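# A closer look at the structure
Residues per chain, in single letters:
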Amino acid sequence: MGWIGEIRLALRLLARDWRAGELTLLAVAVVVAVAGVTTVGFFTDRVHQALNRQANQLLGADLVVSADRPLDTQFATEATRMGLQVTHMLRFPSMAAGNGRNVLAEIKAVSAGYPQRGELRITDQLYAPDRRATSIPAPGTVWVDEKLLTRLQLKPGDVVEVGNSRLPVAAIITQEPDSAIGFINAGPRVMMNEADIAATGLVQVGSRIRYRVQVAGAAAAVDAYRAWVDARLQPGQRVESIQDARPEIRSALDRAEKFLNLAALFSVVLAAVAVALAARRFLQRHLDACAVMRCHGASRGRVVRLYVVQFIALGFVASIAGSVAGFLAQHALALWLGSLVTVELPGAGPMPAIHGFVTGLALLLGFSLPPLLALGKVPPLRVLRRDIGVPGGMGWFAYVLGAAVIAGLILWKAGELRLGLLVFGGFAAAMLVAGLLAWGVIIAVSQLQSSGVSWRFGMANLRRRRLASVLQVAALGVGVMALLTLTIIRGELLQLWQDSLPPDAPNRFIVNIQKDQIPALEKFFAAQKIAMPELHPMVRARLSKINERAVSSADYTDDRARRLADREFNLSWTTHMQKDNVLVAGQFWNVNEKNEPLRSDQFSMEDGIAKTLGIRIGDVLTFDSAGSSFAAEVTSLRKVDWDSFNVNFFLVAPPGLLEQQPVSFVTSFYLAPGNVELLNALVKQFPNFLLIDVAQVLNQVQSMITQVSRAVQFVFLFTLLAGLVVLYAAIASTQDERLYQATIMRTLGASRAQLARANIAEFAVIGALAGLIAAAGANALGYALASRIINVGYSFSLTVWAVGISCSIVGIAAAGYLGTRQVLRISPLRVLRQLS
Amino acid sequence: MVRVAQLTKQVTTGDSALTILRDVSFSIAAGEAVAVVGASGSGKSTLLGLLAGLDTPTSGSIHVDGQDLFALDEDGRAALRARLLGFVFQSFNLLPSMTALENVMLPLELAGAPDAANAARELLGRVGLAARLHHYPKQLSGGEQQRVAIARAFVTKPALLLADEPTGNLDAATGAGIIQLMFELNREQGATLILVTHDAELSQRCGRVLQLAGGMLQ
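My aim in this report is to walk through the structure given alongside it, one point at a time. (Residues numbered from 1 in each chain as written. Chains lettered and ligands numbered in written order. Predicted model: local features only at pLDDT ≥ 70, side-chain atom pairs only at ≥ 80, totals over all residues. Heavy atoms only, no water.)

## Things to note about the overall build of chain B
The test is simple: Secondary structure is summarised from DSSP: a helix means a run of H or I of at least four residues, a strand means a run of E of at least two, and numbering begins at the N terminus for each. Only protein chains enter the accessibility calculation, which uses a 1.4 Å probe; a residue whose area is less than 20% of its type maximum is buried, one above 50% is exposed, and one in between is partly exposed. Whether two residues are in contact is decided by their heavy atoms, any of which lying within 4.5 Å being enough. Reported accessibility uses the Shrake-Rupley method at a 1.4 Å probe radius. Residues are deemed covered only where the shown protein chains occlude them.
Helix and strand counts for chain B stand at 7 helices and 10 strands. Out of the 218 residues belonging to chain B, those deemed buried represent 54%. Counted over contacts in chain B with a minimum sequence separation of 6, partners at least 24 positions apart contribute 69%. With an accessible surface of roughly 8700 Å², chain B has 49% of that area assigned to carbon and sulfur atoms.

## Let's talk about helix α6 (residues 219–230) of chain A
All names here are of chain A. Rules: Take the number of residues in a helix, subtract one, and multiply by 1.5 Å to get its expected span. Regarding the arc, it is the one traced by the directions from the helix axis to the C-beta atoms.
When the terminal C-alpha atoms of α6 are compared, their 16 Å separation across 12 residues agrees well with the 16 Å that a helix rising 1.5 Å per residue should span. For α6, every residue scored as buried is listed here: Ala-221, Val-222, Tyr-225, Trp-228 and Val-229. Take α6 and look down its axis: the buried residues cluster within an arc of 120 degrees, on one side only. In α6, those exposed residues whose orientation departs by more than 90 degrees from the buried face are Ala-220 and Asp-223. Considering only its buried residues, α6 is in contact with β1 (63–67), α3 (74–81), β10 (210–216) and β11 (237–240).

## Comments concerning the interface of chain B and chain A
The cut-off we apply is this: The term buried area refers to how much accessible surface (probe radius 1.4 Å) is lost by two components on association, counted for both of them together. By definition, a salt bridge exists where a carboxyl oxygen of Asp or Glu is found within 4 Å of a side-chain nitrogen of Lys or Arg. N or O atoms closer than or at 3.5 Å make up a polar contact, with two conditions inside protein: a donor-capable atom paired with an acceptor-capable one, and, for residues adjacent in sequence, both atoms drawn from side chains.
Taken together, the contacts link 34 residues of chain B with 29 residues of chain A. Regarding the contact of chain B and chain A, the summed buried area is about 2800 Å², with carbon and sulfur atoms giving 61% of it. The interface formed by chain B and chain A includes 5 salt bridges. As a salt-bridge pair, Arg12(A) and Glu109(B) come within 2.6 Å of each other at their nearest N and O atoms. Scanning the region where chain B abuts chain A turns up 10 residue pairs in polar contact (both at pLDDT 80 or more). For the side of chain B that touches chain A, the leading source of residues is helix α3 (residues 100–111) of chain B, giving 7 residues.

## A closer look at the pairing of strand β18 (residues 620–625) of chain A
One face of the sheet, then the other: side chains in a regular strand alternate in exactly this way. All names here are of chain A. So the rule is basically this: Whether two strands pair comes down to DSSP finding at least two bridges between them.
Summarising the sheet, strand β13 (residues 536–546) and β18 pair through 4 bridges and their orientation is antiparallel. Paired with Lys-545 across the strands is Thr-622, a residue of β18. Pairing of β18 with strand β19 (residues 628–640) involves 6 bridges; the strand directions are antiparallel. The residue bridging Phe-623 from the neighbouring strand is Phe-630, located in β19. Taking the residues between adjacent antiparallel strands as the criterion, β18 and β19 are bridged by 2 residues, where Ala-626 takes a positive phi near 45 degrees.

## Brief notes about the packing of aromatic side chains
Residue and element names in this part refer to chain A. The following threshold applies: The aromatic pairing rule takes the rings of Phe, Tyr and Trp, using the six-membered ring of Trp, and pairs them if the centres are within 6.5 Å, calling planes under 30 degrees apart stacked, those over 60 edge-to-face and the rest tilted.
Scanning all chains against the criterion turns up 12 aromatic pairs over all chains. Look at Phe-569 and Phe-623: their rings are 5.8 Å apart centre to centre, the planes differ by 80 degrees, and that puts the pair in the edge-to-face class. Pair noted here: Phe-569 is in strand β15 (residues 568–573) and Phe-623 is in strand β18, with a separation of 54 residues, a long-range link. A relative accessible area of 0% places Phe-569 in the buried class. The exposure class assigned to Phe-623 is buried, which follows from its relative accessible area of 0%. With a centroid separation of 5.5 Å and 80 degrees between ring planes, the pair formed by Phe-603 and Phe-623 is classed as edge-to-face. Residue Phe-603 is found in strand β17 (residues 602–606), and its partner Phe-623 is found in strand β18; the two are separated by 20 residues along the sequence. Among the aromatic side chains, those forming a connected cluster through ring pairs are Phe-524, Phe-525, Phe-669 and Phe-686.

## Some thoughts on the sheet that holds strand β3 (residues 33–38) of chain B
What links the strands of a sheet is backbone hydrogen bonding, and the strands pair in either a parallel or an antiparallel sense. Residue and element names in this part refer to chain B. Going by this rule: Interaxial angle, 0 to 180 degrees, is taken between N-to-C directions of lines fitted to C-alpha atoms, where a helix line uses only the stretch in contact.
The strand order across the open sheet built from 6 strands is β6-β7-β8-β3-β9-β10, with neighbouring strands paired in mixed fashion. Both edges of this open sheet fall to β6 (85–88) and β10 (216–217), since each of them pairs with a single strand only. In terms of strand pairing, strand β9 (residues 208–213) meets β10 through 2 bridges, oriented antiparallel. Its bridge partner lying in β10, Ala-213 is registered against Met-216. Where helix α1 (residues 44–51) meets the sheet, it contacts β3, β6, β7 (160–164), β8 (192–196) and β9, and its direction lies at approximately 150 degrees from that of β7.

This is the structure we're talking about:
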């Protein structure tokens, strides 16, 4: 028979097995895995783009190229050529005058099309309802913000003098998309049309002007443009996207992605367990078919080929079905979240479907090839002697290929080696521990003496089928763990994440508070009935040497490192590490019994910046500040939780090192929306204060957390499905044997009640073990997610133990009883015939 | 058709070796019907397994249609089975996921025969199951299942039919019907029949009886 005939025969055999229901479980497992992976793939792809865009609202564009000199026209023409929208902007500080007063203002000259992302909102009267601006200031007019209006005591229509120009105020700005970037927006705002800029006479050699070319468009084009720009940047020019500008947004995005990917990984792992169980059952149910085929002249290779072709075809169809289901599901998800995601979700690309397809085939073949190869070894003599059964090599070793496939998939999906290894290692360790624990407990429990025949029979079953029971316990444990994680841990974790950024998280920073102003500031807050926020000392200094090597931006190729080498650092001192910091290397200063650090010449550095600058523990850093210098050794590295919105420093020292330097203080506090009067009063009383508004960034991060939490809940539905498939597969895996045995017991005179009790006893022990493993696993997973991804403390949940173990005992005993109930109902002869 | 020479089969259980067949030799001519009889444990089924090339002997040889079975590897013996042999088993060995028709079609499909469905249908009609083509084994009675198995055995028109206690799982009346059918088909197709049984009445219907006791031919 040619290979076409062979494929046809394989497909006919496949159709027969399918019709007889032999493949349903395998197919369902693959469909659920693929649907889970593709939903997450499609959805994260789209949400990632959308969230990025949403984050980009804070930049006003997708990418900004800026320089301290006019940018070459090629930056704009190339962007246009790549199909991107382009706008121009100049921004610089300058005096603005009006009504006989003047103030240092931030001037922003914009071109038509600004802003490309986010909203510019204006109003006609102070504190009147605002609206979205549909244009930019008309030539010959300016728009100003509340701060300028109040400082100059102007009203709309009044004239503002900027350089040589006198321009009337046409509108009041209430919200700018790009206002929160960096420290630039310290001064009141004047926004004008770029056509008016020349007439002001302010653009001269030596002016502190920042020229910007802002682009927006399709993600791929933006990426291509960035690559093009990166290759052409000159000194003094730089390119930034939101991720360069706001670490808070970047870390929230990273977290969101990790969360979603982990949810998808989890469903893949569960589906793998289901596929492995189902493949094992398929093998056991096809031993006879193989023996008969061998007996009728099929060679060993042919039997294997027939089954492999069948499984490839099955994998193909199930993976396509899963991809389609995933595509539809993500569509439903997008519709459901539609009201939450404020920007339109971009269309889905084809890659997630391809990924899902590959995942499905890999899962099915990875876990079924070893059993299928084993089928080729079924001796034909089995047709005469049924006791010659499962061929050798079907123990743990048979799952090596499956384990390799899972490891590969996890590493691929996790996108980074460390996370991948963590997840795979955690899963493998959990399975191993679960297996060993189950093994030990099964031996111990089955030794328990009892007079009840049902209990003895149930325990004897456990002991006799030890390997199968261990596999069953481990699989059920994983399934129940998925359910627990889904129902209890998920809620707790998402709550923790949301709580990590409460509604009253600090949204304003005050910089440049002088020591002698502190008592007045305390009084000010007391009068406003706001609790005095914690003040952090801050010293500005330039990094001059790392060990004995002088620091120069020319030594670094990395853009960020060059900027860091050029600018002044903000340093602070503290006795204890802040709560939102995590030590990653070294030791935060030891303190003596008086709470004093044992030595004062040490630094604790933020991990990311240390990496960027190539600084390691033990390096001695020398800083210059106002003509004097000081040095200390880096003794620890910290991870800083930037999206906590607390005041944080790249470098901190223990008390005693920095106090001699010129010091100011910084703090952050929550300002209720609309409380502009407080800000005005604050600025009026303390004119030297620099006020930084992070409310918009904060809102953005908060809404991202809400959206991602919903998305995670949806994606976890697939994990739930996968968990249920695992539970079913695990119960079904020993079904035939159980039925057969119970039938023999019945023919020997066992009563229905005795058999039912024996089954329940056995399943209850399995359920208790699985529940124990599941509760431990779910708690460990919750801890890992909380500490590794959300960076919050996690307290072990007692509910998980109580609910996990009790529900698992009851649920699995009930499921097991229902599954084998038919033997109690129908005649033993019929069961024997079905199983023969 | 079949030539068996000095066939010995030993199995090792723990420390001791158990001899199941000892120095068995006989020949069977084409078209003969031979019964192999003996008590339980006399080695009947082991002999049948060796005759079918499903198992290998400790020593000795079997020639089927002039071919030394054990000069072939397992796949070679499988090919020989496909070409020459048909089987009827005590436990029927029907595949539960296939209908009666599909069970009978299987050997033809494996051989790549062009019109498996028609040949199978015809033979199922011949064994009286024309109305049960699309029933699954579990929907058939024991006698019906064995008739499906007989149809499957004869559908390839084998030169040699091996039957292992074909009535062992059936009541007397059903068993008699099955035997009748098997002999009829055997006659029609002119096959050589080797029948393992401990049913004395059944062995009487064969032209020759080989008696096994303690692994030796009496």
